[in-house]
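Coordinate inspection notes
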Amino acid sequence: MNDYFASRRHLIDDYLHSLAERTGAPKPLVEPLRRSLNASGKRVRGILTLAAGEAAGCKPEKLVDAAAAMEIIHTCSLILDDLPSMDDATLRRGAPALHREFGEDLAILAAVSLLNHAYGLIAKNHAALNPRQWPLQQVIKRVVDAVGWDGTIAGQAVDLHSEGSRLDFGTLEFIHSRKTGALFVAAAAVGAMLANISAAALGRIEVFAKNLGLAFQITDDILDVTGDAEQLGKDVGKDEQRLTFVKLAGIEGARKLSEELVDTSLTSIANLGAAADPLRELAEMVRNRVR
Ligand code: GRG
């Protein structure tokens, strides 16, 4: 991992670890929350928030509440996704899936309490920075819509109920642009808006994140087939019942598609200058990822 990712990941991890020790939750929820907040993720969404804000000239330390919030929302989605009624996963981030250790009831309650807390953190970050061009309502709406019934939740619902559906690009794009892409777009938008970015530059960053999110999901589909559970820290071969880009285009076709999406994401921010270099590094990281 290069220095940029290591330092930004560290910033987010420190924040989450400190939050894990002071949730103030009642006893049954303390350990599930601590386990969820301390579990090691790559922090791609949080780093995207920081990098988008940095592209607009903001110091990463000033965006850490929002970056942590985006990671917390992502963690919530993983806990729910792993439940027996959804993906029925056993392993997550190198440890047993949350429900396997604490039961479904506490896993669900931990997930929804994390989601709830995340919105408060974004509001707190907005109050501290008070970006002139972007009222709180607009920033929060980006995240609410990205999670909601036309966002991550919509993608998951169609994915879970797509068995037997026609395998076509339109359906796949619908599922993955929502399941994965929507949170990428919101993560980037929140960082950029809190940094008081112009509307034109925000548009470019959102196109960047949309394409990168889809590329990330395609590499995820590829790793589900070619990857190794120990290195990935999660179950592999889970996508057999699902519509995936690998099923549609084969491994090589999926790789090519992901390359094209990364290239398109880079083109969309070509005129943002050197401040957007961290976003460019993130795109290269997605292109080359093995976990
Ligand atoms: C209420 C937020 C919310 C969601 C409910 C369960 C659900 C609806 C959606 C599932 C969305 C999901 C889990 C999509 C998969 C996205 C994906 C590629 C996950 C892997 O992300 P990584 O590799 O994981 O960034 P780490 O562990 O590194 O963070």
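Scroll up a little and you will see the structure.
Everything in this summary refers to the structure shown in the same document. Keep in mind that what you see is a predicted model, and the values were worked out from it rather than measured. (Residues numbered from 1 in each chain as written. Predicted model: local features only at pLDDT ≥ 70, side-chain atom pairs only at ≥ 80, totals over all residues. Heavy atoms only, no water.)

1. Concerning the site of the ligand
- Around the ligand, the structure places 22 residues, and the nearest of them are K42, R45, H74, R93 and Q156.
- In isolation the ligand exposes 760 Å². Once the protein is present, 93% of that is buried.
- Going through the elements one at a time, helix 4 (64-82), helix 8 (152-160), helix 9 (169-194) and helix 10 (199-226) are the ones with two or more residues in the shell around the ligand.
- Considering each element in turn, the shell around the ligand owes the most residues, 6 residues, to helix 4.
- Partitioning the shell around the ligand into residue classes produces 7 nonpolar, 7 polar and 8 charged. (Near = heavy atom within 4 Å. Areas by Shrake-Rupley, 256 points an atom, 1.4 Å probe, with all protein chains shown as cover. Helix = DSSP H or I, 4+ residues; strand = E, 2+ residues; numbered from the N terminus. Nonpolar A, V, L, I, M, F, W, Y, C, P; charged D, E, K, R; others polar.)

2. Some points on the nonpolar core
- Formed by 88 residues in total, the largest nonpolar core has its most connected members in L48, I205 and L279.
- Ignoring sequence-local partners within four residues, the contact set of I205 consists of A52, A55, A188, A192, I197, I269, L272 and L279. (Core = buried A, V, L, I, M, F, W, Y, C linked by side-chain atoms within 4.5 Å. Buried < 20%, exposed > 50% of the residue type's maximum accessible area, 1.4 Å probe, protein only. Contact = heavy atoms within 4.5 Å.)

3. Considerations on the pattern of salt bridges
- Enumeration over the complete set of coordinates arrives at 22 salt bridges.
- Between R43 and D13 there is a salt bridge whose closest N-O contact spans 2.6 Å. Of the two residues, R43 is situated in the loop between helix 2 (27-38) and helix 3 (44-55) and D13 in helix 1 (residues 3-20); the sequence distance between them amounts to 30 residues.
- The exposure class of D13 is buried, given its relative accessible area of 13%.
- One salt-bridge network, held together by shared partners, links R9, D13, R43 and E71. (Salt bridge = Lys/Arg side-chain N within 4 Å of Asp/Glu carboxyl O.)

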